[in-house]
Amino acid sequence: MTRKIENTLKIKNGQSVSLSEIPVLEYREFYAVVLRLLNAEDVHCVNYYAYPDNDNLKFICCLADDSAQSVSLLSHILPSGKGPGELESLTRRVGALHIFERELWENFGVKFEGHPWMKPVRFSHNRYNRIIAMHDYPFYRIKSEELHEVGVGPIHAGVIEPGYFRFTCNGEMVLHLEIQLGWQHRGVERLFLEKPKLLQRTMLAESITGDTTIGHTLAFAQVMEGLSGISTDSRLDAERSIALELERIAVHTGDISALCTDVAYQLGAAVFGALRTPIINFTQEWCGNRFGKGLIRTGGSHYSLTNVLIQKLRKLLDDFEWRFKEMADKAYSLLSVENRFDNIGMVTNKQARLIGAVGMAARTSGVKRDIRHSHPFAAFRVISYVPVMLEKGDVYARYYLRRLEIEESINYIRRILDNEQFFLSETTPPVPEANLHLYPSSITVSMVEGWRGEICHSAVTDEEGNIIHYKVKDPSMHNWKALELSLRGLEISDFPINNKSYNLSYCGHDL
(Lines give C-alpha, C1' and ligand atoms only; values in the text may rest on other atoms or scores of the structure.)
Protein backbone atom coordinates (compact mmCIF):
# COMPACT_ATOMS: atom_id res chain seq x y z
CA MET A 1 0.00 0.00 0.00
CA THR A 2 1.36 3.44 -0.93
CA ARG A 3 0.29 6.95 0.04
CA LYS A 4 1.22 10.35 -1.34
CA ILE A 5 1.64 12.85 1.48
CA GLU A 6 3.51 16.18 1.52
CA ASN A 7 4.82 15.69 -2.02
CA THR A 8 6.30 12.30 -1.12
CA LEU A 9 5.37 8.68 -1.69
CA LYS A 10 5.18 6.58 1.48
CA ILE A 11 6.07 2.89 1.23
CA LYS A 12 6.93 0.04 3.58
CA ASN A 13 10.28 -1.68 4.03
CA GLY A 14 10.92 -3.98 1.05
CA GLN A 15 7.94 -2.74 -0.95
CA SER A 16 8.24 -2.24 -4.72
CA VAL A 17 6.57 0.73 -6.44
CA SER A 18 6.52 2.25 -9.90
CA LEU A 19 9.01 5.04 -10.48
CA SER A 20 6.21 7.13 -11.94
CA GLU A 21 4.54 7.26 -8.52
CA ILE A 22 7.48 9.07 -6.89
CA PRO A 23 6.88 12.86 -6.91
CA VAL A 24 9.49 14.73 -8.97
CA LEU A 25 9.92 18.19 -7.48
CA GLU A 26 11.76 21.34 -8.38
CA TYR A 27 14.91 21.43 -6.28
CA ARG A 28 13.74 24.37 -4.18
CA GLU A 29 10.58 22.49 -3.23
CA PHE A 30 12.56 19.24 -2.76
CA TYR A 31 14.93 21.11 -0.43
CA ALA A 32 12.05 22.49 1.65
CA VAL A 33 10.22 19.15 1.91
CA VAL A 34 13.36 17.27 2.99
CA LEU A 35 14.11 19.85 5.69
CA ARG A 36 10.51 19.78 6.92
CA LEU A 37 10.46 16.00 7.18
CA LEU A 38 13.89 15.72 8.81
CA ASN A 39 12.84 18.26 11.40
CA ALA A 40 10.95 15.43 13.10
CA GLU A 41 13.09 13.53 15.62
CA ASP A 42 11.93 10.12 14.38
CA VAL A 43 12.79 10.75 10.71
CA HIS A 44 16.23 10.16 9.21
CA CYS A 45 17.73 9.68 5.77
CA VAL A 46 18.50 6.05 4.89
CA ASN A 47 19.64 6.79 1.32
CA TYR A 48 20.07 9.67 -1.10
CA TYR A 49 21.55 8.86 -4.49
CA ALA A 50 21.34 9.63 -8.21
CA TYR A 51 21.55 7.76 -11.49
CA PRO A 52 21.63 8.79 -15.19
CA ASP A 53 18.15 9.01 -16.67
CA ASN A 54 18.32 9.76 -20.42
CA ASP A 55 19.97 13.19 -20.60
CA ASN A 56 19.25 13.94 -16.97
CA LEU A 57 20.50 12.99 -13.54
CA LYS A 58 17.67 11.69 -11.40
CA PHE A 59 17.95 11.95 -7.62
CA ILE A 60 16.10 9.66 -5.21
CA CYS A 61 15.84 10.49 -1.51
CA CYS A 62 14.63 7.87 1.00
CA LEU A 63 13.56 9.22 4.41
CA ALA A 64 12.62 6.70 7.09
CA ASP A 65 9.87 7.62 9.55
CA ASP A 66 10.60 5.37 12.50
CA SER A 67 7.35 6.14 14.33
CA ALA A 68 5.11 5.51 11.30
CA GLN A 69 7.17 2.51 10.07
CA SER A 70 7.26 3.96 6.57
CA VAL A 71 9.77 5.34 4.07
CA SER A 72 9.08 8.58 2.20
CA LEU A 73 10.38 8.73 -1.37
CA LEU A 74 10.84 11.96 -3.30
CA SER A 75 12.90 12.98 -6.27
CA HIS A 76 14.36 15.85 -8.27
CA ILE A 77 16.05 16.01 -11.65
CA LEU A 78 19.19 17.83 -12.75
CA PRO A 79 19.73 18.24 -16.51
CA SER A 80 23.11 16.64 -17.23
CA GLY A 81 23.49 18.09 -20.72
CA LYS A 82 24.64 21.39 -19.24
CA GLY A 83 27.39 19.97 -17.04
CA PRO A 84 27.19 18.69 -13.48
CA GLY A 85 25.36 21.72 -12.13
CA GLU A 86 25.24 23.29 -8.69
CA LEU A 87 22.71 22.80 -5.91
CA GLU A 88 22.25 24.38 -2.51
CA SER A 89 23.65 22.04 0.11
CA LEU A 90 21.30 20.40 2.58
CA THR A 91 24.23 19.47 4.80
CA ARG A 92 24.61 22.92 6.32
CA ARG A 93 21.08 22.50 7.66
CA VAL A 94 21.18 18.72 8.33
CA GLY A 95 24.69 17.49 9.10
CA ALA A 96 23.82 13.80 8.64
CA LEU A 97 23.43 14.36 4.88
CA HIS A 98 27.12 15.27 4.47
CA ILE A 99 28.19 11.80 3.35
CA PHE A 100 25.42 11.50 0.73
CA GLU A 101 26.21 14.86 -0.87
CA ARG A 102 29.93 14.11 -0.84
CA GLU A 103 29.25 10.84 -2.64
CA LEU A 104 27.05 12.57 -5.23
CA TRP A 105 29.80 15.13 -5.83
CA GLU A 106 32.43 12.44 -6.23
CA ASN A 107 30.33 10.27 -8.55
CA PHE A 108 28.73 12.94 -10.74
CA GLY A 109 30.54 16.22 -10.10
CA VAL A 110 27.45 17.86 -8.61
CA LYS A 111 28.53 20.90 -6.63
CA PHE A 112 26.67 21.54 -3.40
CA GLU A 113 26.99 25.20 -2.51
CA GLY A 114 27.68 25.72 1.18
CA HIS A 115 28.73 22.15 1.95
CA PRO A 116 31.17 22.44 4.89
CA TRP A 117 33.54 19.59 3.99
CA MET A 118 33.31 18.54 0.32
CA LYS A 119 35.79 15.65 0.25
CA PRO A 120 35.99 12.35 -1.64
CA VAL A 121 34.33 9.31 -0.12
CA ARG A 122 35.76 6.36 -2.05
CA PHE A 123 37.97 7.32 -5.02
CA SER A 124 36.18 4.88 -7.32
CA HIS A 125 37.90 4.31 -10.66
CA ASN A 126 34.92 5.77 -12.54
CA ARG A 127 34.61 8.90 -10.38
CA TYR A 128 33.68 12.15 -12.08
CA ASN A 129 37.06 13.87 -11.59
CA ARG A 130 39.80 11.35 -12.26
CA ILE A 131 42.53 13.97 -11.95
CA ILE A 132 42.15 13.94 -8.15
CA ALA A 133 44.28 11.14 -6.68
CA MET A 134 44.51 9.56 -3.23
CA HIS A 135 47.44 11.75 -2.20
CA ASP A 136 45.41 14.89 -3.01
CA TYR A 137 42.94 14.27 -0.18
CA PRO A 138 42.28 17.66 1.51
CA PHE A 139 42.97 16.86 5.15
CA TYR A 140 41.98 19.38 7.78
CA ARG A 141 45.09 21.18 8.98
CA ILE A 142 45.98 23.45 11.90
CA LYS A 143 49.02 25.69 11.49
CA SER A 144 50.97 25.68 14.72
CA GLU A 145 54.50 25.09 15.92
CA GLU A 146 53.14 23.36 19.05
CA LEU A 147 51.09 20.70 17.26
CA HIS A 148 52.16 17.67 15.29
CA GLU A 149 50.46 15.15 13.01
CA VAL A 150 50.62 11.38 13.27
CA GLY A 151 49.76 9.27 10.24
CA VAL A 152 48.74 5.62 10.61
CA GLY A 153 48.20 3.38 7.58
CA PRO A 154 46.99 2.80 4.98
CA ILE A 155 48.53 -0.65 5.48
CA HIS A 156 46.76 -2.09 8.51
CA ALA A 157 48.76 -3.58 11.36
CA GLY A 158 46.47 -6.63 11.25
CA VAL A 159 45.17 -8.57 8.29
CA ILE A 160 42.17 -6.45 7.37
CA GLU A 161 41.46 -3.82 4.73
CA PRO A 162 43.46 -0.59 4.35
CA GLY A 163 42.57 2.77 5.84
CA TYR A 164 44.56 5.91 6.62
CA PHE A 165 44.18 7.71 9.96
CA ARG A 166 45.66 11.16 10.51
CA PHE A 167 45.80 12.47 14.08
CA THR A 168 46.43 16.13 14.92
CA CYS A 169 47.92 16.13 18.42
CA ASN A 170 49.09 18.47 21.13
CA GLY A 171 51.62 16.22 22.81
CA GLU A 172 49.74 13.00 23.50
CA MET A 173 46.33 14.69 23.31
CA VAL A 174 44.32 14.22 20.11
CA LEU A 175 42.67 17.42 18.90
CA HIS A 176 41.37 16.01 15.64
CA LEU A 177 41.19 12.69 13.81
CA GLU A 178 40.44 12.34 10.13
CA ILE A 179 40.00 8.98 8.41
CA GLN A 180 40.66 8.54 4.70
CA LEU A 181 39.06 5.44 3.19
CA GLY A 182 38.57 4.23 -0.37
CA TRP A 183 41.89 2.44 -0.83
CA GLN A 184 40.24 -0.76 -1.99
CA HIS A 185 37.15 0.28 -3.94
CA ARG A 186 35.80 -2.89 -5.58
CA GLY A 187 32.94 -1.51 -7.66
CA VAL A 188 30.31 -3.68 -5.95
CA GLU A 189 27.34 -1.56 -7.03
CA ARG A 190 28.47 -1.59 -10.66
CA LEU A 191 28.95 -5.37 -10.53
CA PHE A 192 25.29 -5.78 -9.55
CA LEU A 193 24.48 -4.38 -12.99
CA GLU A 194 27.13 -6.30 -14.91
CA LYS A 195 26.34 -9.70 -13.39
CA PRO A 196 22.88 -10.60 -14.74
CA LYS A 197 22.37 -13.96 -13.01
CA LEU A 198 20.63 -14.13 -9.66
CA LEU A 199 23.26 -16.48 -8.21
CA GLN A 200 26.05 -14.10 -9.24
CA ARG A 201 24.32 -11.20 -7.58
CA THR A 202 23.56 -13.24 -4.47
CA MET A 203 27.20 -14.25 -4.07
CA LEU A 204 28.16 -10.61 -4.59
CA ALA A 205 25.83 -9.58 -1.75
CA GLU A 206 27.39 -12.27 0.47
CA SER A 207 30.80 -10.67 -0.10
CA ILE A 208 29.97 -7.00 0.55
CA THR A 209 31.40 -7.38 4.02
CA GLY A 210 32.30 -10.86 5.18
CA ASP A 211 31.31 -10.49 8.83
CA THR A 212 27.79 -9.43 7.83
CA THR A 213 27.01 -12.09 5.24
CA ILE A 214 23.51 -12.75 6.57
CA GLY A 215 22.62 -9.07 6.99
CA HIS A 216 23.62 -7.92 3.50
CA THR A 217 22.35 -11.01 1.68
CA LEU A 218 18.99 -10.71 3.43
CA ALA A 219 18.74 -7.06 2.34
CA PHE A 220 19.50 -8.14 -1.23
CA ALA A 221 16.98 -11.01 -1.15
CA GLN A 222 14.27 -8.62 0.03
CA VAL A 223 15.07 -6.33 -2.91
CA MET A 224 14.72 -9.18 -5.40
CA GLU A 225 11.53 -10.45 -3.76
CA GLY A 226 10.01 -6.97 -3.77
CA LEU A 227 10.83 -6.41 -7.44
CA SER A 228 9.51 -9.81 -8.52
CA GLY A 229 6.42 -10.05 -6.32
CA ILE A 230 7.63 -13.07 -4.34
CA SER A 231 6.06 -13.60 -0.94
CA THR A 232 7.91 -15.43 1.80
CA ASP A 233 6.24 -17.87 4.16
CA SER A 234 6.43 -17.76 7.94
CA ARG A 235 9.00 -20.56 8.24
CA LEU A 236 11.45 -18.83 5.91
CA ASP A 237 10.96 -15.55 7.79
CA ALA A 238 11.70 -17.34 11.06
CA GLU A 239 14.84 -19.01 9.72
CA ARG A 240 16.18 -15.73 8.33
CA SER A 241 15.64 -13.93 11.62
CA ILE A 242 17.33 -16.73 13.56
CA ALA A 243 20.32 -16.64 11.21
CA LEU A 244 20.57 -12.86 11.58
CA GLU A 245 20.56 -13.05 15.37
CA LEU A 246 23.10 -15.89 15.40
CA GLU A 247 25.36 -13.67 13.29
CA ARG A 248 24.88 -10.89 15.84
CA ILE A 249 25.69 -13.20 18.78
CA ALA A 250 28.82 -14.54 17.10
CA VAL A 251 30.29 -11.18 16.12
CA HIS A 252 29.41 -9.47 19.40
CA THR A 253 31.06 -12.31 21.33
CA GLY A 254 34.19 -12.06 19.20
CA ASP A 255 34.28 -8.29 19.70
CA ILE A 256 34.02 -8.64 23.48
CA SER A 257 36.98 -11.02 23.28
CA ALA A 258 38.94 -8.49 21.21
CA LEU A 259 38.20 -5.68 23.65
CA CYS A 260 39.45 -7.84 26.50
CA THR A 261 42.62 -8.44 24.48
CA ASP A 262 43.15 -4.69 24.05
CA VAL A 263 43.21 -4.19 27.83
CA ALA A 264 45.32 -7.31 28.46
CA TYR A 265 42.52 -9.25 30.16
CA GLN A 266 43.60 -12.61 28.79
CA LEU A 267 41.03 -14.76 30.60
CA GLY A 268 38.16 -12.83 29.02
CA ALA A 269 39.86 -12.80 25.65
CA ALA A 270 40.33 -16.57 25.67
CA VAL A 271 36.92 -17.55 27.01
CA PHE A 272 34.83 -15.19 24.85
CA GLY A 273 36.91 -16.15 21.82
CA ALA A 274 36.18 -19.81 22.51
CA LEU A 275 32.47 -19.13 23.07
CA ARG A 276 32.14 -17.67 19.57
CA THR A 277 33.23 -20.94 17.99
CA PRO A 278 30.16 -23.14 18.71
CA ILE A 279 27.87 -20.41 17.37
CA ILE A 280 29.59 -20.20 13.99
CA ASN A 281 30.05 -23.98 13.97
CA PHE A 282 26.27 -24.34 14.21
CA THR A 283 25.85 -22.06 11.21
CA GLN A 284 28.34 -24.25 9.36
CA GLU A 285 26.37 -27.38 10.27
CA TRP A 286 23.20 -25.64 9.09
CA CYS A 287 24.42 -24.50 5.65
CA GLY A 288 28.04 -25.62 5.22
CA ASN A 289 29.68 -22.24 5.90
CA ARG A 290 30.57 -20.62 9.24
CA PHE A 291 29.60 -17.15 8.00
CA GLY A 292 26.31 -18.23 6.47
CA LYS A 293 27.22 -18.16 2.79
CA GLY A 294 24.69 -20.17 0.85
CA LEU A 295 21.99 -19.86 3.53
CA ILE A 296 20.02 -16.82 2.34
CA ARG A 297 18.41 -17.18 -1.09
CA THR A 298 15.65 -15.24 -2.81
CA GLY A 299 12.22 -16.72 -2.11
CA GLY A 300 13.38 -19.85 -0.33
CA SER A 301 16.38 -21.77 0.95
CA HIS A 302 18.49 -24.82 0.15
CA TYR A 303 18.94 -25.45 3.88
CA SER A 304 15.83 -25.89 5.95
CA LEU A 305 16.16 -25.56 9.73
CA THR A 306 15.05 -29.11 10.43
CA ASN A 307 13.62 -30.35 13.72
CA VAL A 308 16.95 -32.04 14.44
CA LEU A 309 18.78 -28.72 13.96
CA ILE A 310 16.19 -26.92 16.08
CA GLN A 311 16.85 -29.26 18.99
CA LYS A 312 20.61 -28.81 18.57
CA LEU A 313 20.12 -25.03 18.51
CA ARG A 314 18.10 -25.08 21.72
CA LYS A 315 20.82 -27.10 23.44
CA LEU A 316 23.53 -24.82 22.01
CA LEU A 317 21.82 -21.69 23.33
CA ASP A 318 21.31 -23.24 26.78
CA ASP A 319 24.97 -24.24 26.98
CA PHE A 320 26.24 -20.95 25.57
CA GLU A 321 24.06 -18.84 27.83
CA TRP A 322 25.31 -20.08 31.19
CA ARG A 323 28.93 -20.13 30.05
CA PHE A 324 28.62 -16.62 28.61
CA LYS A 325 26.89 -15.28 31.74
CA GLU A 326 29.51 -16.79 34.05
CA MET A 327 32.35 -15.14 32.13
CA ALA A 328 30.44 -11.90 31.57
CA ASP A 329 29.74 -11.53 35.28
CA LYS A 330 33.50 -11.57 35.85
CA ALA A 331 34.52 -9.44 32.87
CA TYR A 332 31.91 -6.74 33.46
CA SER A 333 32.62 -6.39 37.17
CA LEU A 334 36.42 -6.26 36.92
CA LEU A 335 37.44 -2.75 37.98
CA SER A 336 40.62 -2.74 35.91
CA VAL A 337 38.57 -3.34 32.75
CA GLU A 338 35.79 -0.94 33.70
CA ASN A 339 38.22 1.87 34.55
CA ARG A 340 40.00 1.48 31.21
CA PHE A 341 36.73 1.74 29.22
CA ASP A 342 34.80 4.23 31.35
CA ASN A 343 34.52 7.80 29.96
CA ILE A 344 36.70 6.91 26.95
CA GLY A 345 35.54 7.74 23.43
CA MET A 346 32.26 9.43 24.30
CA VAL A 347 29.68 10.41 21.67
CA THR A 348 26.83 12.53 22.96
CA ASN A 349 23.20 12.16 21.94
CA LYS A 350 23.43 15.45 20.07
CA GLN A 351 26.52 14.34 18.15
CA ALA A 352 24.97 10.97 17.27
CA ARG A 353 21.90 12.68 15.83
CA LEU A 354 23.99 15.30 14.04
CA ILE A 355 26.05 12.75 12.11
CA GLY A 356 23.17 10.32 11.53
CA ALA A 357 24.68 7.50 13.60
CA VAL A 358 22.99 4.10 13.33
CA GLY A 359 23.12 0.77 15.12
CA MET A 360 25.17 0.41 18.29
CA ALA A 361 26.80 3.82 17.83
CA ALA A 362 23.32 5.37 17.99
CA ARG A 363 21.76 3.19 20.67
CA THR A 364 24.65 3.63 23.13
CA SER A 365 24.08 7.40 22.88
CA GLY A 366 20.36 7.23 23.55
CA VAL A 367 19.17 7.33 19.93
CA LYS A 368 16.48 4.69 19.41
CA ARG A 369 17.43 3.55 15.92
CA ASP A 370 16.87 -0.13 15.16
CA ILE A 371 15.27 -1.40 11.94
CA ARG A 372 14.01 -4.55 13.70
CA HIS A 373 11.78 -2.26 15.76
CA SER A 374 11.07 0.70 13.48
CA HIS A 375 10.73 -0.99 10.07
CA PRO A 376 10.21 -4.67 10.89
CA PHE A 377 11.02 -7.41 8.40
CA ALA A 378 10.92 -11.22 8.38
CA ALA A 379 9.85 -12.59 11.80
CA PHE A 380 10.18 -9.15 13.39
CA ARG A 381 6.86 -8.29 11.71
CA VAL A 382 5.19 -10.94 13.91
CA ILE A 383 7.23 -10.89 17.12
CA SER A 384 8.09 -7.35 18.09
CA TYR A 385 11.61 -6.42 19.12
CA VAL A 386 12.40 -3.76 21.72
CA PRO A 387 15.86 -2.19 21.20
CA VAL A 388 18.38 -2.22 24.04
CA MET A 389 19.31 1.36 24.89
CA LEU A 390 22.15 3.06 26.80
CA GLU A 391 22.96 6.74 27.28
CA LYS A 392 26.63 7.34 28.00
CA GLY A 393 28.04 6.74 24.52
CA ASP A 394 31.54 5.68 25.63
CA VAL A 395 33.67 2.57 25.08
CA TYR A 396 32.17 0.91 28.14
CA ALA A 397 28.66 1.50 26.77
CA ARG A 398 29.59 -0.10 23.46
CA TYR A 399 31.25 -2.95 25.38
CA TYR A 400 28.23 -3.43 27.65
CA LEU A 401 25.61 -3.09 24.91
CA ARG A 402 27.10 -6.12 23.20
CA ARG A 403 26.42 -8.21 26.29
CA LEU A 404 22.84 -6.96 26.54
CA GLU A 405 22.18 -7.56 22.84
CA ILE A 406 23.59 -11.08 23.00
CA GLU A 407 21.24 -11.89 25.87
CA GLU A 408 18.31 -10.32 24.02
CA SER A 409 19.13 -12.19 20.80
CA ILE A 410 19.14 -15.50 22.66
CA ASN A 411 15.74 -14.69 24.13
CA TYR A 412 14.42 -13.61 20.76
CA ILE A 413 15.53 -16.81 19.01
CA ARG A 414 13.78 -18.83 21.71
CA ARG A 415 10.60 -16.81 21.19
CA ILE A 416 10.71 -17.70 17.50
CA LEU A 417 11.34 -21.38 18.19
CA ASP A 418 8.48 -21.46 20.71
CA ASN A 419 6.02 -19.90 18.25
CA GLU A 420 4.36 -22.78 16.42
CA GLN A 421 2.88 -20.60 13.68
CA PHE A 422 6.36 -20.20 12.17
CA PHE A 423 6.78 -23.92 11.68
CA LEU A 424 3.41 -25.04 10.31
CA SER A 425 5.15 -26.28 7.17
CA GLU A 426 7.62 -29.12 7.62
CA THR A 427 10.32 -27.70 5.35
CA THR A 428 11.40 -24.37 3.92
CA PRO A 429 10.17 -23.61 0.39
CA PRO A 430 12.80 -24.30 -2.28
CA VAL A 431 14.41 -21.35 -4.00
CA PRO A 432 12.60 -20.01 -7.10
CA GLU A 433 13.88 -20.18 -10.65
CA ALA A 434 17.16 -18.36 -11.12
CA ASN A 435 15.81 -16.08 -13.86
CA LEU A 436 13.41 -13.75 -12.09
CA HIS A 437 11.10 -11.41 -13.96
CA LEU A 438 11.48 -8.04 -12.25
CA TYR A 439 8.83 -5.34 -12.42
CA PRO A 440 9.61 -2.72 -15.09
CA SER A 441 10.33 0.92 -14.21
CA SER A 442 10.19 0.19 -10.50
CA ILE A 443 12.13 0.80 -7.30
CA THR A 444 12.50 -1.10 -4.03
CA VAL A 445 14.07 0.00 -0.75
CA SER A 446 15.12 -2.82 1.60
CA MET A 447 16.38 -2.32 5.15
CA VAL A 448 17.86 -4.83 7.61
CA GLU A 449 19.33 -4.31 11.08
CA GLY A 450 22.72 -5.97 10.81
CA TRP A 451 24.89 -6.38 13.88
CA ARG A 452 26.61 -3.05 13.14
CA GLY A 453 23.34 -1.31 12.40
CA GLU A 454 21.15 -0.16 9.55
CA ILE A 455 21.79 -1.78 6.16
CA CYS A 456 19.96 -0.37 3.15
CA HIS A 457 19.81 -1.82 -0.38
CA SER A 458 17.86 -0.17 -3.18
CA ALA A 459 17.39 -1.09 -6.85
CA VAL A 460 15.90 0.66 -9.87
CA THR A 461 14.70 -1.12 -13.04
CA ASP A 462 14.17 0.11 -16.61
CA GLU A 463 11.17 -0.39 -18.93
CA GLU A 464 12.20 -4.01 -19.57
CA GLY A 465 12.76 -4.93 -15.93
CA ASN A 466 16.56 -4.78 -16.03
CA ILE A 467 18.34 -3.34 -13.01
CA ILE A 468 19.88 -0.02 -14.08
CA HIS A 469 20.96 1.17 -10.64
CA TYR A 470 21.81 -0.68 -7.43
CA LYS A 471 22.64 1.17 -4.23
CA VAL A 472 24.20 -0.31 -1.09
CA LYS A 473 24.61 1.46 2.24
CA ASP A 474 26.49 -0.22 5.07
CA PRO A 475 26.11 1.25 8.59
CA SER A 476 29.83 2.03 8.62
CA MET A 477 29.15 4.81 6.12
CA HIS A 478 27.61 6.85 8.94
CA ASN A 479 29.57 5.60 11.93
CA TRP A 480 33.15 6.29 10.84
CA LYS A 481 32.40 9.93 11.69
CA ALA A 482 31.41 8.85 15.20
CA LEU A 483 34.85 7.26 15.65
CA GLU A 484 36.52 10.48 14.52
CA LEU A 485 34.53 12.61 16.96
CA SER A 486 34.91 10.25 19.90
CA LEU A 487 38.70 10.49 19.94
CA ARG A 488 38.84 14.23 20.48
CA GLY A 489 40.39 15.14 23.82
CA LEU A 490 41.79 11.65 24.42
CA GLU A 491 45.37 10.45 24.47
CA ILE A 492 46.42 8.87 21.20
CA SER A 493 47.08 5.62 23.10
CA ASP A 494 43.30 5.37 23.63
CA PHE A 495 42.73 4.93 19.90
CA PRO A 496 43.00 1.11 19.71
CA ILE A 497 40.30 0.35 22.29
CA ASN A 498 38.09 3.14 20.95
CA ASN A 499 38.46 1.85 17.41
CA LYS A 500 37.73 -1.73 18.45
CA SER A 501 34.63 -0.68 20.37
CA TYR A 502 33.07 0.30 17.03
CA ASN A 503 34.63 -2.43 14.85
CA LEU A 504 33.57 -0.65 11.66
CA SER A 505 33.95 -2.06 8.17
CA TYR A 506 36.44 -0.77 5.60
CA CYS A 507 35.10 -2.91 2.76
CA GLY A 508 31.49 -2.17 3.71
CA HIS A 509 32.29 1.51 3.26
CA ASP A 510 34.54 1.24 0.21
CA LEU A 511 32.25 -1.21 -1.62
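See above for the structure.
All figures in this text were calculated on a predicted structure; none of them were measured in a lab. (Residues numbered from 1 in each chain as written. Predicted model: local features only at pLDDT ≥ 70, side-chain atom pairs only at ≥ 80, totals over all residues. Heavy atoms only, no water.)

Right, let's talk about the side chain of Asp-394 for a bit. Along the chain, the position of Asp-394 falls in the loop between helix H12 (371–374) and helix H13 (395–418). Asp-394 sits in the buried class, given a relative accessible area of 1%. Here Asn-343 takes part through its backbone nitrogen, which lies 2.8 Å from a polar atom of the side chain of Asp-394. A distance of 2.9 Å separates the side chain of Asp-394 from the backbone nitrogen of Ala-397, its partner in a polar contact. Excluding residues within four positions of it along the chain, Asp-394 makes contact with Phe-341, Asp-342, Asn-343, Ile-344, Gly-345 and Met-346. (Helix = DSSP H or I, 4+ residues; strand = E, 2+ residues; numbered from the N terminus. Buried < 20%, exposed > 50% of the residue type's maximum accessible area, 1.4 Å probe, protein only. Polar contact = N/O pair within 3.5 Å; in protein donor to acceptor, adjacent residues only side chain to side chain. Contact = heavy atoms within 4.5 Å.)

A few words on the pattern of salt bridges. Pairing between side chains becomes possible if they bear opposite charge and their charged atoms approach one another. What the rule picks out here adds up to 34 salt bridges. The closest approach of N and O atoms between Arg-452 and Asp-211, which form a salt bridge, is 2.8 Å. Note that Arg-452 is positioned in the loop between strand E13 (442–449) and strand E14 (454–461) and Asp-211 in the loop between helix H4 (198–206) and helix H5 (213–228), a separation of 241 residues in sequence. On the accessibility criterion, Arg-452 (5% relative accessible area) is buried. (Salt bridge = Lys/Arg side-chain N within 4 Å of Asp/Glu carboxyl O.)

This part covers unusual backbone geometry. Backbone torsion omega between Gly-153 and Pro-154 reads 10 degrees, so that peptide bond is classified as cis. Along the polypeptide, Pro-154 turns up in the loop between strand E10 (148–152) and strand E11 (164–170). Residues other than glycine seldom take positive phi values, yet Leu-511 does so here, at roughly 50 degrees. Leu-511 sits in the buried class, given a relative accessible area of 1%.

So, on to the side chain of Ser-505. Inspection of the secondary structure puts Ser-505 in the loop between helix H15 (495–502) and helix H16 (506–510). Separated by 3.2 Å, the side chains of Ser-505 and Thr-209 make a polar contact. A distance of 2.8 Å separates a polar side-chain atom of Ser-505 from the backbone nitrogen of Gly-508. Aside from chain neighbours lying at most four places away, what touches Ser-505 is Thr-209, Arg-452, Asp-474, Ser-476 and Trp-480.

A separate point is the packing of helix H6 (residues 234–262) against H15. Where H6 contacts H15, the axes come no closer than 10 Å and their chain directions differ by 175 degrees. Classified by the interaxial angle, the pair formed by H6 and H15 is roughly antiparallel. Residues Ala-258, Leu-259 and Asp-262 of H6 form the contact with H15, whose participating residues are Pro-496, Ile-497, Lys-500 and Ser-501. Of the residues belonging to the contact of H6 with H15, the class tally is four nonpolar, one polar and two charged. (Axes fitted to C-alpha atoms, helices over the stretch in contact; angles between N-to-C directions. Parallel < 35°, antiparallel > 145°, perpendicular 65-115°, else oblique. Nonpolar A, V, L, I, M, F, W, Y, C, P; charged D, E, K, R; others polar.)

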